[in-house]
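Structure at a glance
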Amino acid sequence: MDRQKQLAYLQKIDEVIAHGVYKDNWESLSAYPVPQWYRDAKFGVFVHWGIYSVPAFISEWYPRLMYYRGNPTYWHHRYKYGKDFNYRDFIPQFTAEKFDADQWVRTVRESGAKFLMPVGEHHDGFKLYDSDLSEWTSVRMGPRRDILGELKKSCEENGLIFSTSSHRAEHFWFLNGGRTVGYPNETRDERYREFYGDCFNIHKRNNLWTMLKQEQGIVPTEEWLRDWLVSSCELIDRYQPASLFFDWWVSHKAFRPYMKKFLAYYYNRSLAWGREVCVYYKSDAIMYNCAIFDRERGQLAGISPYIWQGETSTAYNAWSYCTTNRYKTPETIARNLLDVISKNGCFVLNIGPKADGTLCEEEQKLLRALGEWTKRNEEAIWGAGPYKTFGEGKAQKSGSFTEHLRYSARDFRFTCKPGAVYAFAMKPKGKSNFSIHTLGDTMDTFHCVIRRVSVLGMDCKVRYSQNKNALTLHFDRKIQSDMPLCFKIEVD
């Protein structure tokens, strides 16, 4: 990054904070409100797309794994491309010749999602947007298109909220296997330092163990922290996203003062734009209730007092398109969405387009199925909030990377509105009777007057009976759908 440009931007950041409403301290930052658009959204779509979509093997971590011995990506790269083929050599193949921003936005909107969050820059350091701070962008090479700019324009024209993400923090060390892999490669070539990053590495050995250690023991330099701050601020200045997502390494304690500066700058800039914004973070990177806490491929055990975010991908193994992807079913994703919103969360589902810009058929089918389901159940999702308990069924472990849940016919998730409780049967197929024990008639559980019970999206009658043990719903036939089924219980 040009030193003079960096210093000029750092001065601008300090000036905005000095003259702005929000200062770079937690007390001031905690006063920024959660945007109403985000509270209402319930469902957004993440997009991982970049150079790593060209090799399309195992995961979006291809540029890291290709330089670490002993893993499938390393051997795949050696056999298919050869050890002298560097990660940079994929850039000319990332042409995006079939990329159509309007088609992406229409598909996402029809799924029921309210916002779109394409990755602006992933760990590999290649920006999908125009920048004065780097030549390694989709505007100057590869597609030679402003991907974020096109998606922002389409979102604004088609009623979808535009957001983006930056994973630049991890670029400091992400390709560091190139330093220890044992053969000459471009990660060690200073001519390409801006593209490959510092490749900071504290390990001398190159194997799966050191690869999995990732960033442990690494401390970002002051130079890198300034780079991260300026890059993040340029991104939000150029595209004015409604929200910005950060991945996990900003939780390193060295980022603390820089993160506070970024938040103060973003929040103050949003006032000038006349738009409420928010930031998503992991692992206590930001003081609780100063931004939106995010949980990757996991959930909370109960209802959060503050709105939070649960994110996952259509594929079990990757966030980007890969020929090796194993895709989830629509009902699995719908259950995940319900678990999140029943606990006062917003659900984000990731898709990974192919390198040419097309959406794979598996993901198109998933989004269509979700769109049909969300449309049938929209009144229980949008405009509804969590009930006094999120639901009933098997207890869940709170944490990240714990999403492999096994729901049964005994699992339910709740939302509510004034005068109605919505109970979703998470796995209804093959059932004709449903007993919801949380809604049994006792003073401490559900002592309401039931006016009517119906099923959203189904033209059928359902009988009900209630005692102190449960509210039981009776159908005259067995349910054939795998998708969660919503009972609307109107009460007085």
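Quick note: structure is the one above.
Just so we're clear, the structure is a prediction, and the values are computed from it rather than from any experiment.

What follows concerns the pattern of salt bridges. If you walk through the whole model with that rule in mind, you get 30 salt bridges. With a shortest N-O distance of 2.5 Å, R88 and E186 are connected by a salt bridge. Here E186 lies in the loop between β4 (164-166) and α8 (193-196) and R88 lies in the loop between α5 (72-80) and α6 (101-110), a separation of 98 residues in the sequence. Look at R88 and you get partly exposed, because its relative accessible area is 23%. One salt bridge in this structure joins E490 and R452, with 3.1 Å as the shortest N-O distance. In this pair, E490 sits in strand β17 (residues 485-491) while R452 sits in strand β14 (residues 450-455), placing the two residues 38 residues apart along the sequence. In this structure R452 comes out as partly exposed when scored by relative accessible area, which is 47%.

Further remarks concern the layout of surface pockets. Quantified by volume, the largest pocket comes out at close to 670 Å³. Residue lining of the largest pocket: 37 residues in total, with E60, W61, E296, W319 and F401 positioned closest to the centre. Of all the secondary structure elements, the ones that give two or more residues to the lining of the largest pocket are α5, α9 (208-213) and β7 (292-296). For the lining of the largest pocket, the leading source of residues is β7, giving 4 residues. Here the residues of the lining of the largest pocket are counted per class, giving 15 nonpolar, 13 polar and 9 charged. Its boundaries defined by the atoms lining it, the second largest pocket holds a volume of some 320 Å³. Every residue lining the second largest pocket is counted, 17 residues in all, and those nearest its centre are M1, D198, E223, W224 and D227. Among the elements that line the lining of the second largest pocket, the one with the most residues is helix α10 (residues 222-239), at 4 residues. Classifying every residue of the lining of the second largest pocket by side-chain character gives 4 nonpolar, 5 polar and 8 charged.

Two elements in contact, α6 and helix α7 (residues 147-158), have axes whose closest approach is 9 Å; the angle formed by their N-to-C orientations is 50°. Overall, the two elements α6 and α7 adopt an arrangement that is oblique. Seen along the crossing, α6 lies across α7 with a hand that is right-handed. Facing A101, D102, W104, V105 and R109 of α6, the residues of α7 in contact are E150, L151, S154, C155 and N158. Of the residues assigned to the contact of α6 with α7, the class counts are 5 nonpolar, 2 polar and 3 charged.

Thresholds, definitions, all that
Residues numbered from 1 in each chain as written. Predicted model: local features only at pLDDT ≥ 70, side-chain atom pairs only at ≥ 80, totals over all residues. Heavy atoms only, no water. Salt bridge = Lys/Arg side-chain N within 4 Å of Asp/Glu carboxyl O. Helix = DSSP H or I, 4+ residues; strand = E, 2+ residues; numbered from the N terminus. Buried < 20%, exposed > 50% of the residue type's maximum accessible area, 1.4 Å probe, protein only. 1 Å grid on protein atoms, 1.4 Å probe; cavity = no way out; pocket = protein on both sides within 12 Å on 5 of 7 lines; lining within 4 Å. Points joined across faces, edges and corners; volume = space filled by probe spheres on them. Nonpolar A, V, L, I, M, F, W, Y, C, P; charged D, E, K, R; others polar. Axes fitted to C-alpha atoms, helices over the stretch in contact; angles between N-to-C directions. Parallel < 35°, antiparallel > 145°, perpendicular 65-115°, else oblique. Left-handed = near helix turned anticlockwise from the far one by under 90°. Contact = heavy atoms within 4.5 Å.

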